[in-house]
Amino acid sequence: MSTGIRAEAEDFGRTVAAVLDDRWGDATAAPHGDLAGLWRTAAEQGWFELASERALDFLVAAVRELGARACPLPLVDAYVAGLLLDADRGAQVASGQLRPIVAVVDDPDTDTADHCEAAPQATHLLLVHPAGGRVRLAPISRTEPTPGLAVPAWSRVRAGATETEVAADPAAVADALAVWTLGLAVRALAAAERGHELAVAHATTREQFGRVIGGFGAVQQRVAACHIEMAAANALVGDAVGHGLAGSGEWPLAAALAVRHIGDTATSVMFGAQHTLGAIGFFEEHEAAWLFRRVHADVVRLHAHARHAVRISRALVEQGRSLPSFHLGEAAERFRAEVRALLAEHRLVDEHGREGHDQEGLRAAMAERGLFSLGWPQEAGGRQAGVAEQAVLNEEMKYARGPVDRAMSATMLLGHSILRHGTPEQQAEFLPLIRRGQLRFCLGYSEPEAGSDLASLRTRAVRDGDHWVINGQKSWTTRAHTASHVWLAVRTDPDAVPRHAGITIFLVPMDTPGITVQQYTALSGEVSCTVFYDDVRVPDSMRVGEVNGGWRVITDALAAERVVMGGVAATLLRQLDDLLEHLRTDPERLLGADGSAKRDRLESLAARLQAARALVLEATRAMAGGGASDLAAPMAGVLGGELAEDFGQGVLELLGPEAALGAQVPGVPGGGGFERALRTSPMFVIGGGTNDIQRAIIARGLGLPREERAARKKER
Ligand SMILES: Cc1cc2nc3c(=O)[nH]c(=O)nc-3n(C[C@H](O)[C@H](O)[C@H](O)COP(=O)(O)OP(=O)(O)OC[C@H]3O[C@@H](n4cnc5c(N)ncnc54)[C@H](O)[C@@H]3O)c2cc1C
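Before going into details, it helps to say that this report is about the structure given with it. Here the structure is a predicted model, which is why all the values come from computation and not from measurement.

A count of helical and extended segments in the protein chain gives 24 helices and 18 strands. Considering only C-alpha atoms, the protein chain reaches an extent of 95 × 70 × 50 Å along its principal axes. Counting only residues that meet the buried cut, the protein chain has 56% of its 716 residues in that class. Partitioning the contacts of the protein chain with sequence separation of at least 6, the portion at a separation of at least 24 is 72%. When the accessible surface of the protein chain is totalled, it reaches about 29300 Å², and 51% of it is carbon and sulfur.

Right under this line is the structure:
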């Protein structure tokens with residue numbers, strides 16, 4: 001469950017679920033469910049008292065259960081009424097005697113509201129006029145059903161004479177509306193998530209062409225993509241709720257970001273679920289048909305009310321706000337301050353005002369403080385810091401545009417593996433180098449015929465006494481031309497079954513005779529190399545780990561890398577902040593008025609970035625708690641990679657050709673970083689395991705079968 005929700009709230013959610021199962025049923029109850037009876041039961045059970053305790057997480061937990069059952073009980077409306085009305089009225093709401101529904105109106109004097117839910121069972125309209133901060137409570141005098149997509153149908157509602165008018169503080173109205181829109185969004189999200197759950201279950205049981213359909217790549221990719229959207233949206237809701245409960249000043253913006261992201265994604269997840277379910281989900285006997293109506297009806301209302309919510313672009317641009325922060329705990333945040341101070345000490349600004357760092361000074365200072373051996377045990381010269389601190393270090397370094405990237409990668413990719421698998425001699429030689437940030441390594445995994453399918457690698461090492469003779473070719477070896485060593489994966493058993501059981505790792509000096517490096521410039525401008533190994537003779541002492549045990553060494557290195565998957569999100573946060581800095585110079589010219597297409601694009605990107613950050617936080621917390629198998633890490637990686645591409649493209653859409661100019665051009669927006677970021681972005685989707693492969697892994701984590709297992713089933 002998401003981070004902002006307390007365990008007691010989850011218990012409450014379970015209680016609500018049990019009552020709903022009993023009194024409402026599943027989503028197929030939408031057209032005939034007894035909403036009036038449920039309203040009475042809910043009042044008896046105290047569901048409408050949550051506002052008095054400001055139990056936002058309890059509200060969210062309960063609304064999730066309503067959404068999953070396509071039930072429009074206006075629990076959120078009652079909560080909002082409790083926030084805005086006096087204690088006596090609040091008590092009437094709690095008892096179910098006064099049953100209000102909220103209508104957000106443009107005209108402060110109107111007596112009519114459209115698209116209202118649960119009006120036949122309600123007694124009052126709470127008319128909220130956000131612009132003027134006016135709140136009126138009036139009895140419902142007439143209800144006219146307006147059937148369509150929403151089931152039960154929306155209504156046009158006429159209010160009688162105002163019973164109570166509240167002179168509400170605009171901040172209180174804004175707060176209440178933030179809760180209201182978040183509630184609506186959570187309900188849509190929960191309905192989509194239920195659709196997704198049904199789709200996952202279907203994908204693991206339905207057979208076509210003699211296979212379980214979850215074994216088809218297309219189904220795996222879609223299911224995993226939907227799962228990522230759901231997980232990110234939930235993480236974002238958890239974050240918003242956390243801010244709300246803490247009474248943080250960042251709560252309205254955090255809520256607006258969550259609402260925006262759900263508005264952008266819930267409907268596509270629901271479509272995805274329908275696609276996986278096929279015809280079965282298209283008929284009214286199935287929950288999906290009713291969930292579909294619920295998701296789309298809620299989301300269209302969300303969009304309609306967006307103009308009343310916090311304007312994300314105004315907050316970020318005109319008001320100079322940043323995306324709401326995340327906290328990894330006291331110790332980690334203290335450590336963050338230490339890292340920031342260190343970076344500030346070594347910051348440089350060139351004659352064009354471009355920021356950079358004194359890389360050598362920074363490296364030396366980091367080495368002195370043990371930052372390149374942060375997570376290592378003390379006996380290996382490390383600081384024995386936890387996952388949260390390691391994530392913080394990586395985030396801060398990426399945010400600072402990676403001034404010591406290579407040294408950081410050596411720690412992450414090689415350090416942990418050498419600690420675990422290296423001989424005492426290897427540890428004595430390499431760990432001090434890594435600790436000082438001075439190991440210039442490159443990674444020799446990929447080959448012309450072995451990319452995603454790394455286990456098929458062919459570069460051969462043959463034993464010759466105390467030595468090995470290596471022959472083969474490695475592709476896309478980044479920075480091989482300046483490396484002192486290559487971390488090389490080779491085949492030592494050509495007949496091994498499975499193939500990955502015949503691979504061994506060596507750590508080889510690049511100046512060993514027989515190694516030839518051919519340089520290529522990547523789209524990003526970085527140099528990657530093809531490296532030829534011709535009768536390269538290396539001593540057995542360069543082997544890391546067991547003969548034929550290289551896969552273990554590789555996967556350990558990759559697991560260590562996952563600790564720092566937050567890197568993409570931190571890199572993108574820096575890009576967003578650079579973009580905002582530029583937009584603030586002339587917002588009206590660069591973005592246009594409220595509601596413009598450019599502001600909309602900016603808001604969508606910001607919400608997606610916040611979602612990626614929330615997922616990273618969840619993954620970090622899961623790993624810190626020992627839950628290393630959690631899917632949050634690969635999900636954060638996939639989302640971050642795709643966002644990197646979209647972000648790179650989005651910045652150019654917002655700023656136009658100016659943003660396509662390079663760093664050589666004086667005065668270019670973002671110092672020329674935007675076009676480079678766009679050119680770099682596909683790397684986040686391809687390098688280190690493509691997003692397709694990651695999605696297949698996520699699908700398997702959800703219980704979908706491997707493609708070949710599904711195929712074997714057919715053969716039987
Ligand atoms: C900038 C950059 C730097 C790199 N640096 C290094 C480095 O330093 N050292 C190194 O060893 N390697 C490096 N690589 C290589 C990287 O690891 C590979 O690009 C990556 O593993 C994918 O392999 P491939 O490019 O051969 O693509 P392929 O594996 O050929 O994939 C091509 C397409 O097919 C899809 N595909 C393949 N198999 C499946 C499947 N089972 N299911 C679904 N879709 C599938 C992929 O998702 C992709 O869309 C780098 C790559 C880049 C882009």
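Next, the rest of the story.
What follows is about the packing of aromatic side chains. Here the distance between the centres and the angle between the planes together describe a pair of aromatic rings. For the structure on display, the rule yields six aromatic pairs. Ring geometry for Trp468 and Phe506: centres 5.6 Å apart, planes at 70°, overall edge-to-face. Placement of Trp468 in strand β13 (residues 467–478) and of Phe506 in strand β15 (residues 503–509) is noted, with a sequence separation of 38 residues between them. Given the relative accessible area of 3%, Trp468 is considered buried. Arg99 extends its terminal NZ or CZ atom over the ring of Trp39, reaching a point 5.9 Å from the ring centre. A cation over an aromatic ring shows up here: Arg574 above the ring of Tyr399, its NZ or CZ 4.9 Å from the ring centre.

Looking at the secondary structure, you find Phe532 in strand β17 (residues 527–539). As a C-alpha pair, Phe532 and Gln518 span 14 residues in sequence and 8.2 Å in three-dimensional space. Contacts of Phe532, omitting those with residues within four sequence positions, involve Gly472, Gln473, Gly514, Ile515, Thr516 and Gln518.

Time to look at the nonpolar core. Leu73, Leu125, Leu126 and Met366 are the most contacted members of the largest nonpolar core, which totals 183 residues. Considering every element that reaches this core, the biggest residue donor is helix α6 (residues 170–205), with 18 residues. With residues up to four places along the chain from it excluded, the contact list for Leu126 reads Val80, Ala81, Leu84, Leu85, Ile101, Val102, Ala103, Val135, Arg136 and Leu137. Ranked by size, the runner-up nonpolar core spans 24 residues in total, among them Leu431, Trp487, Ile503 and Ile505.

Turning our eyes to something else, we now look at the site of the ligand. The immediate surroundings of the ligand are formed by 14 residues, with Ser446, Ser452, Trp476, Thr690 and Asp692 found nearest. Take Ser446: an N or O atom from its main chain is 2.7 Å from an oxygen atom of the ligand. Contacts to the ligand include Thr690, whose side-chain N or O atom sits 2.7 Å from an oxygen atom. Surface burial for the ligand is 62%, taken as the share of its 960 Å² of free accessible area covered by protein chains.

Look at helix α17 (residues 567–583) against helix α19 (residues 597–624): their axes get within 10 Å of each other, and the N-to-C directions meet at 150°. Accordingly, the angle class assigned to the pair α17 and α19 is roughly antiparallel. For the element pair α17 and α19, the recorded crossing hand is left-handed. Between α17, through Ala569, Leu572, Leu573, Leu576, Leu579, Leu580 and Leu583, and α19, the contact on the second element is made entirely by Leu602, Leu609, Arg613 and Val616. Looking at the contact of α17 with α19, its residues break down into 10 nonpolar, no polar and one charged.

Here helix α4 (residues 75–84) lies mainly inside the structure; eight of its 10 residues are buried. Listing the buried residues of α4 in full gives Leu75, Val76, Asp77, Ala78, Tyr79, Val80, Ala81 and Leu84.

The end-to-end C-alpha separation of helix α15 (residues 424–435) is 16 Å, in line with the 16 Å expected for 12 residues at 1.5 Å each. Listed as buried for α15 are Gln426, Phe430, Leu431 and Ile434. Relative to the axis of α15, the buried residues are bounded by an arc of 110° and lie together on one face. Summarising the geometry of α15, the exposed residues directed more than 90 degrees from the buried face are Pro424, Glu425 and Ala428.

Attention now moves to the pairing of strand β14 (residues 485–491). Taken across its seven residues, β14 has seven buried, putting it largely inside the fold. Taking every second residue as pointing to the same face, both faces of β14 are buried, with His485, Trp487, Ala489 and Arg491 on one and Val486, Leu488 and Val490 on the other. Where strand β11 (residues 441–444) and β14 come together, four bridges link them in parallel fashion. Considered in β14, the bridge of Leu443 is made with Trp487.

A separate point is the pattern of salt bridges. When the charged atoms of two side chains with opposite charge come close together, those side chains can pair. Counting across every chain of the model gives 54 salt bridges. With a shortest N-O distance of 3.3 Å, Arg142 and Glu144 are connected by a salt bridge. Overall, the relative accessible area of 34% leaves Glu144 in the partly exposed class. As a salt-bridge pair, Asp692 and Arg695 come within 2.9 Å of each other at their nearest N and O atoms. Of the two residues, Asp692 and Arg695 both sit in helix α23 (residues 691–701), three residues apart, roughly one turn of that helix. Here Asp692 falls in the partly exposed class, since its relative accessible area comes to 43%. Looking at Arg695, the relative accessible area reads 11%, which means it is buried. One salt-bridge network, in which partners are shared between bridges, spans Arg311, Arg314, Glu318, Glu588, Asp594 and Arg599.

Cut-offs used in this document
Residues numbered from 1 in each chain as written. Predicted model: local features only at pLDDT ≥ 70, side-chain atom pairs only at ≥ 80, totals over all residues. Heavy atoms only, no water. Helix = DSSP H or I, 4+ residues; strand = E, 2+ residues; numbered from the N terminus. Buried < 20%, exposed > 50% of the residue type's maximum accessible area, 1.4 Å probe, protein only. Contact = heavy atoms within 4.5 Å. Areas by Shrake-Rupley, 256 points an atom, 1.4 Å probe, with all protein chains shown as cover. Phe/Tyr/Trp six-rings, centres within 6.5 Å; stacked < 30°, edge-to-face > 60°. Lys NZ or Arg CZ within 6 Å of the ring centre and 35° of its normal. Core = buried A, V, L, I, M, F, W, Y, C linked by side-chain atoms within 4.5 Å. Near = heavy atom within 4 Å. Polar contact = N/O pair within 3.5 Å; in protein donor to acceptor, adjacent residues only side chain to side chain. Axes fitted to C-alpha atoms, helices over the stretch in contact; angles between N-to-C directions. Parallel < 35°, antiparallel > 145°, perpendicular 65-115°, else oblique. Left-handed = near helix turned anticlockwise from the far one by under 90°. Nonpolar A, V, L, I, M, F, W, Y, C, P; charged D, E, K, R; others polar. Expected span 1.5 Å × (residues − 1). Arc of directions from axis to C-beta. Pairing = 2+ DSSP bridges. Salt bridge = Lys/Arg side-chain N within 4 Å of Asp/Glu carboxyl O.

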